[in-house]
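Descriptive structure summary
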Amino acid sequence: MTERIKEKMNQLRTEADSAVSRAEEAEAKNKKYEQALLEKDQEIVSLQHKLGVLESDLEKAEENVATHKSASAEGEQSKQTSELLIRKVQLLEDELDTAEKNLKETVEKLRQVDVKAEHFERQVARAEQERDAWEKKYEESEAKYKKSAAELADLEATMQDL
């Protein structure tokens, strides 16, 4: 019986050693899994932080895109406004050129009218001088006529007295 007990004891020791060995292996595996779980938890925290940072960066990038789109739209509007103003300036320059041309033509016509007016003023002055000369000749002739008529009347009166 002792041998049986010894065998049983040896068997139990072997089983106990085996169980202890398995328990140690299980504990080692458990520690290993706990370490891996801790690393995975840290990796998750790190990834969540990165995700937060990336989401923040994405929001900033979307804001930048919106700002750039707005600026681009404003730039396009400014470009259109600039083109419109350039066209207006061109039209105004064309109108100015036309007005300057008309002004030159009008000045030339005015100069010609002034030349004609001077010519006609000289003709009027000559005509007035001729009129004055004719009036003077008329007055002289009238005076001679009155003198002659008076002399004739005196002569008639003298002849009748005779």
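Reference entry: report on the structure contained in this document. Computed from a prediction, not measured in an experiment: that's the story for all the values here.

Here's the deal with the overall build of the protein
Per the secondary structure count, the protein includes one helix and zero strands. A compact globule built from 162 residues should have a C-alpha radius of gyration of about 15 Å, whereas the protein, at 67 Å, is more than 25% larger. By principal-axis analysis of the C-alpha atoms, the protein measures approximately 230 × 20 × 10 Å. Expressed as a percentage of its 162 residues, the buried residues of the protein come to 0%. Here the protein displays about 15500 Å² of accessible surface, and carbon together with sulfur accounts for 57% of that area. Where the 28 positive side-chain charges of the protein centre and where its 40 negative ones centre are 8 Å apart.

Regarding the pattern of salt bridges
Counted according to the given criterion, the structure contains four salt bridges. Between Arg-111 and Glu-108 there is a salt bridge, and its shortest N-O distance comes to 2.6 Å. With Arg-111 and Glu-108 both in helix α1 (residues 2-161) and three residues apart, this pair spans about one turn of that helix. Here Lys-146 and Glu-142 are joined by a salt bridge, their closest N and O atoms 3.9 Å apart. Pair noted here: Lys-146 and Glu-142 are both in helix α1, with a separation of four residues, about one helical turn. Salt bridges sharing partners connect three or more residues here, namely Arg-131, Asp-132 and Glu-135.

Focus: a negative patch on the surface
The grouping of Glu-93, Asp-94, Glu-95, Asp-97 and Glu-100 at the surface amounts to a negative patch. Mapped onto the fold, Glu-93 is located in helix α1. Judged by its relative accessible area of 40%, Glu-93 falls in the partly exposed class.

Overview of a nonpolar patch on the surface
Taken together, the side chains of Leu-152, Leu-155, Met-159 and Leu-162 present a nonpolar region at the surface, about 480 Å² in accessible area. Here Leu-155 is to be found in helix α1.

Cut-offs and rules
- Residues numbered from 1 in each chain as written.
- Predicted model: local features only at pLDDT ≥ 70, side-chain atom pairs only at ≥ 80, totals over all residues.
- Heavy atoms only, no water.
- Helix = DSSP H or I, 4+ residues; strand = E, 2+ residues; numbered from the N terminus.
- Rg over C-alpha atoms; globule rule 2.2 N^0.38 Å.
- Buried < 20%, exposed > 50% of the residue type's maximum accessible area, 1.4 Å probe, protein only.
- Areas by Shrake-Rupley, 256 points an atom, 1.4 Å probe, with all protein chains shown as cover.
- Lys, Arg positive; Asp, Glu negative; His and termini not counted.
- Charge placed at Lys NZ, Arg CZ, Asp CG, Glu CD.
- Salt bridge = Lys/Arg side-chain N within 4 Å of Asp/Glu carboxyl O.
- Patch = residues over 30% accessible without salt bridge, like charges linked within 9 Å, V, L, I, M, F, W, Y side chains within 5 Å.

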